[in-house]
Amino acid sequence: LFFFQLYGYCYQDSNDIPDTLTTITELGSPLEMIQLLQTSWEDRFRICLSLVRLLHYLAHSPLGSVTLLDFRPRQFVIVDGELKVTDLDDASIEESSCTSNSDCFMEFPARNFTLPCSVEGRCQNMNEKRNLYNAYRFFFTYLLPHSAPSSLKPLLDKIVNATGNHIKHGHGERFLLRPSLSVNSEFTQKCVKSANTKYRRVPEAFIPDENYRCWPSYHHKGCLLSVFDVNEAIEICDSYSQCKAFVLTNQTTWTGRQLVFFKMASNHIMPDPDKITYVKVTD
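In this text the structure is predicted, and so the values were computed from the model without any measurement.

Cut-offs used in this document
- Residues numbered from 1 in each chain as written.
- Predicted model: local features only at pLDDT ≥ 70, side-chain atom pairs only at ≥ 80, totals over all residues.
- Heavy atoms only, no water.
- Disulfide = S-S within 2.5 Å.
- Helix = DSSP H or I, 4+ residues; strand = E, 2+ residues; numbered from the N terminus.
- Buried < 20%, exposed > 50% of the residue type's maximum accessible area, 1.4 Å probe, protein only.
- Contact = heavy atoms within 4.5 Å.
- Patch = residues over 30% accessible without salt bridge, like charges linked within 9 Å, V, L, I, M, F, W, Y side chains within 5 Å.
- Areas by Shrake-Rupley, 256 points an atom, 1.4 Å probe, with all protein chains shown as cover.
- Salt bridge = Lys/Arg side-chain N within 4 Å of Asp/Glu carboxyl O.
- Pairing = 2+ DSSP bridges.
- Axes fitted to C-alpha atoms, helices over the stretch in contact; angles between N-to-C directions.

Novice: Which residues make up the state of the cysteines, and what values go with them?
Specialist: Put plainly, two cysteines are in a disulfide when a covalent bond ties their sulfur atoms together. Here the structure, examined in full by the defined rule, presents 4 disulfides. Shown here is the disulfide that connects C98 with C117, its sulfur atoms set 2.1 Å apart. Between C98 and C117 the sulfur-sulfur dihedral comes to about 95 degrees; the bridge is accordingly right-handed. Of this pair, C98 sits in the loop between strand 7 (91–92) and strand 8 (105–107) while C117 sits in the loop between strand 9 (112–114) and helix 3 (126–143), and the two are 19 residues apart along the sequence. The two residues C98 and C117 agree in class, both being buried.

Here it is as structure tokens:
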């Protein structure tokens, strides 16, 4: 679930090709932070959610607390929207030994921490804390706050700050590991203003062209966004001067929000049993 899957391997040792190991793995995409910042917040939230699940597993693995000494974006790939670890060469289950708290000094580029030395002579939770802070400085601080829904920003700021201050990751789990309580309630059930603009409902209809680009969009050549309901779609269309119609699809995102195409005209409407079109009524 958290690690890149190995499907098979073949060891070959011949005169032509000595000592060769060929592996077959699942297909993933390299993690490019600049590209991720151009995706929707909902997709970035999903990556952060899979990262928190990974942190929880590493802290409570069957081998004990595991730390990834090289916790950088290049060590991860994205598979079907989820974050997975590809390189375990730098994984370690050894907690640092100590005789006093000063031996449990953790140094990072932006800030440093000193952890308590246990009576057993081990730095308490150092593996877990190292993973958590690296997740904060390489991932959470960029992916979570950027273009987040305004209603979620206070809670997101609290989580990011708590992570940066090295509070145990259980604080973040109460939000990130419960998408039904966080995303599906606060993100999907947003408060929508009553719209003054009227729309004509056209069932089983689709507008194939008349696209315009918006950000962020699930479609690179058009404006495809996720909404909670028709009211939110109306609010979005009213906020774009070029929007004259929108099309409800039967597709949803991983949180259950419906995907909607926003259009700049409605001159050419075609039959489509799986879609519903709403056209702005002009006086």
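Novice: Can you break down the environment of T23 residue by residue, with the values?
Specialist: Here T23 is to be found in strand 2 (residues 20–25). Sequence spacing of T23 and Y9 is 14 residues, and the spatial spacing of their C-alpha atoms is 4.2 Å.

Novice: An account of the side chain of Q75 is needed here, citing residue identities and associated values.
Specialist: Mapped onto the fold, Q75 is located in the loop between strand 4 (67–68) and strand 5 (76–79). Excluding anything up to four places from it in sequence, Q75 contacts D70, K84, V85, T86, D87 and D90.

Novice: Describe a nonpolar patch on the surface, listing the residues and the values that go with them.
Specialist: Taken together, the side chains of L6, Y9, Y11 and L21 make up a nonpolar region of the molecular surface, amounting to roughly 510 Å² of accessible area. Counting residues per element, the nonpolar patch draws most heavily on strand 1 (residues 6–12), which supplies 3 residues. Note on placement: L6 falls in strand 1. What makes L6 partly exposed here is its relative accessible area of 49%.

Novice: How would you explain the sheet that holds strand 14 (residues 270–280) if you had to name every residue and give the values?
Specialist: In space, the 5 strands of this open sheet follow the order 10-14-12-13-11, with antiparallel pairing throughout. A single partner strand is all that each edge strand has here, and the edge strands are strand 10 (199–206) and strand 11 (223–227). Each strand axis lies, on average, 30 degrees off the axis of its neighbour in the sheet, ignoring direction. With 5 bridges connecting them, strand 11 and strand 13 (residues 258–263) associate as antiparallel partners. What sits directly across from V227, in strand 13, is Q258. Across the sheet, helix 7 (residues 230–239) touches strand 10, strand 11, strand 12 (245–252), strand 13 and strand 14, and the angle it forms with strand 12 is around 135 degrees.

Shape descriptors only; they carry no functional weight alone.
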